[in-house]
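Here is how the chains run, residue by residue.
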Amino acid sequence: MSNSRLFLYTLCGVIFCISFIGMIIYGYKTFFIETKKVTSEDYQYHFALIAEEADNAYWRMIEKGAKKAAAEHDIYLEYLAPTRADNDNLLKLLDRMISAKVDGIIVQGVEGERFVDLVHKGVERGIPIITVDTDVPESERKAYVGTDNFQAGKLAGKALIKKTSGKQHVGVVLGRFNAINQKLRLQGFQEVINEHSRIHIVAMKESNISSIGAAQAAYDLLKEFPSINTFVGMSALDGIGITDGIQEIAPDRNFTIIAFDLIPETLALIRDGKINATVAQYPERMGTKAVNVLIELQEHDLLDNEKYTGTKVIEKGDLRSRGEQK
Ligand code: BGC
């Protein structure tokens, strides 16, 4: 074999090996999957909880509630999620859990036909699937456990009305434009503020459900529309990010900020008076309830399949008296 041919073969071999290793590393990083191995004999049922994003504080609370209920009922609960929010990856995980023939699946509802088709596939194979946090009522999901997102949006609107007087030029930060729960919250919010001519939405941006994304969104909104004097953040890390973004571009101005959820950083910002109010959801309760509903579904179908877990507006005054829950 000539030297140049040998060199070519070696080069191809090296490129192949690098691509192969890269593929394995990429595949590992794209999905978050627990590695703990269990055998089915150890547990009564094996359930999967598929979250929007693995290390999101809000989803970790849902996981906590779900694991608590699972521990009480001899259930192996697997927590899975894309590393960063991504519908395509979430749907792949859902498909994989259906193929793995788990006993039940709790999943965030996402937009589009593929979700509806996958739920149909799961149900055909006898796997009960329920939605948590975000519903897709047109799918064959057996139940929904979570917030009434339209009503939650209305609460944000009412909080804004209560907390302000005079003209309000609102910048809205949404988690993701194509998330069903964000769209419903926005609709509820708009329905309430449309009754008040002093309040109008100036512009909206998405945070991609990260606080850095929300900081960037708030920064960009203020740069483009300096008239904004109020912000509303529609997903759990948006309020926190908005305060950071404002700090960067307009540290001396006063803004009204209405947030969503009650994770520890939001709580601290409410205490400091930087966030004026938040629409609290009850993620731990969602996790616990979802597992209990799946247990029930092992025996029989449910008649009442919309299980709302409640929402509440929390402001500084509410925190002094009692420690608000997760
Ligand atoms: C939403 C979740 C979302 C989370 C992001 C919550 O308010 O209900 O759908 O994943 O915020 O941080």
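None of the values given here were measured: they were computed from a predicted structure. (Residues numbered from 1 in each chain as written. Predicted model: local features only at pLDDT ≥ 70, side-chain atom pairs only at ≥ 80, totals over all residues. Heavy atoms only, no water.)

Structural notes on the packing of aromatic side chains
Geometry of an aromatic ring pair is reported as the spacing of the ring centres plus the angle between the planes.
So, step 1. Applying the stated criterion across every chain, the model contains five aromatic pairs.
So, step 2. Between the aromatic rings of Tyr-45 and Phe-47, the centroid separation amounts to 5.8 Å while the plane-to-plane angle is 5 degrees, which identifies the pairing as stacked.
So, step 3. Among the residues examined, Tyr-45 registers a relative accessible area of 15% and is labelled buried.
So, step 4. Ring geometry for Phe-231 and Phe-255: centres 5.8 Å apart, planes at 55 degrees, overall tilted. A residue pair is termed long-range when its members are at least 10 positions apart, and Phe-231 in strand 9 (residues 230-233) and Phe-255 in the loop between helix 8 (238-249) and strand 10 (256-260) qualify at 24 residues. In terms of burial, Phe-231 and Phe-255 fall into one category: buried.
So, step 5. Residue placement shows Arg-185 over the ring face of Phe-260; its charged tip is 4.4 Å from the ring centre. (Phe/Tyr/Trp six-rings, centres within 6.5 Å; stacked < 30°, edge-to-face > 60°. Buried < 20%, exposed > 50% of the residue type's maximum accessible area, 1.4 Å probe, protein only. Helix = DSSP H or I, 4+ residues; strand = E, 2+ residues; numbered from the N terminus. Lys NZ or Arg CZ within 6 Å of the ring centre and 35° of its normal.)

A short note on the domain arrangement of the protein chain
So, step 1. According to the domain assignment, the protein chain consists of domain 1 (32-147 + 283-309) and domain 2 (149-280).
So, step 2. In this structure, domain 1 and domain 2 have C-alpha centres spaced 29 Å apart.
So, step 3. Around 1,400 Å² of area is buried between domain 1 and domain 2 when both sides are counted, 48% of it from carbon and sulfur atoms.
So, step 4. Where domain 1 touches domain 2, the interface holds two salt bridges.
So, step 5. Put simply, Arg-176 and Glu-52 hold a salt bridge, and the shortest N to O gap is 2.9 Å.
So, step 6. The interface formed by domain 1 and domain 2 holds eight residue pairs in polar contact (both at pLDDT 80 or more) in total.
So, step 7. With three residues, the single largest contributor to the side of domain 1 that touches domain 2 is helix 2 (residues 57-72). (Domains from an automatic or database assignment. Buried area = accessible area lost by both parts, 1.4 Å probe. Salt bridge = Lys/Arg side-chain N within 4 Å of Asp/Glu carboxyl O. Polar contact = N/O pair within 3.5 Å; in protein donor to acceptor, adjacent residues only side chain to side chain.)

Some details on the sheet that holds strand 10
So, step 1. Strand order in the open sheet formed by six strands is 8-7-9-10-11-13, and the pairing between neighbours is mixed. Two strands close off the open sheet at either side, each with one partner strand: strand 8 (199-206) and strand 13 (312-315). The average undirected angle you get between the axes of adjacent strands in this sheet is 20 degrees.
So, step 2. As defined by bridge partners, strand 10 adjoins strand 11 (residues 277-280) across three bridges and the pair is classed as parallel. Within strand 11, the position partnered with Ala-259 by the bridge is Thr-278.
So, step 3. Along the sheet, helix 8 contacts strand 7 (168-174), strand 9 and strand 10; its crossing angle with strand 9, the most-contacted strand, is approximately 145 degrees. (Pairing = 2+ DSSP bridges. Axes fitted to C-alpha atoms, helices over the stretch in contact; angles between N-to-C directions. Contact = heavy atoms within 4.5 Å.)

Examining empty space enclosed by the protein
So, step 1. The final tally for this structure, using the stated rule, is two cavities of 30 Å³ or more.
So, step 2. In this model, the largest cavity occupies a volume close to 140 Å³.
So, step 3. Sorting the residues of the lining of the largest cavity by element identifies helix 2 and helix 6 (180-193) as the ones contributing at least two each.
So, step 4. For the lining of the largest cavity, the leading source of residues is helix 6, giving three residues.
So, step 5. Lining the lining of the largest cavity are residues from two domains, each supplying at least three of them: domain 1 (32-147 + 283-309) and domain 2 (149-280).
So, step 6. Considered as a void within the structure, the second largest cavity measures approximately 50 Å³ in volume.
So, step 7. Looking at which domains feed residues into the lining of the second largest cavity, each of domain 1 (32-147 + 283-309) and domain 2 (149-280) supplies at least three. (1 Å grid on protein atoms, 1.4 Å probe; cavity = no way out; pocket = protein on both sides within 12 Å on 5 of 7 lines; lining within 4 Å. Points joined across faces, edges and corners; volume = space filled by probe spheres on them.)

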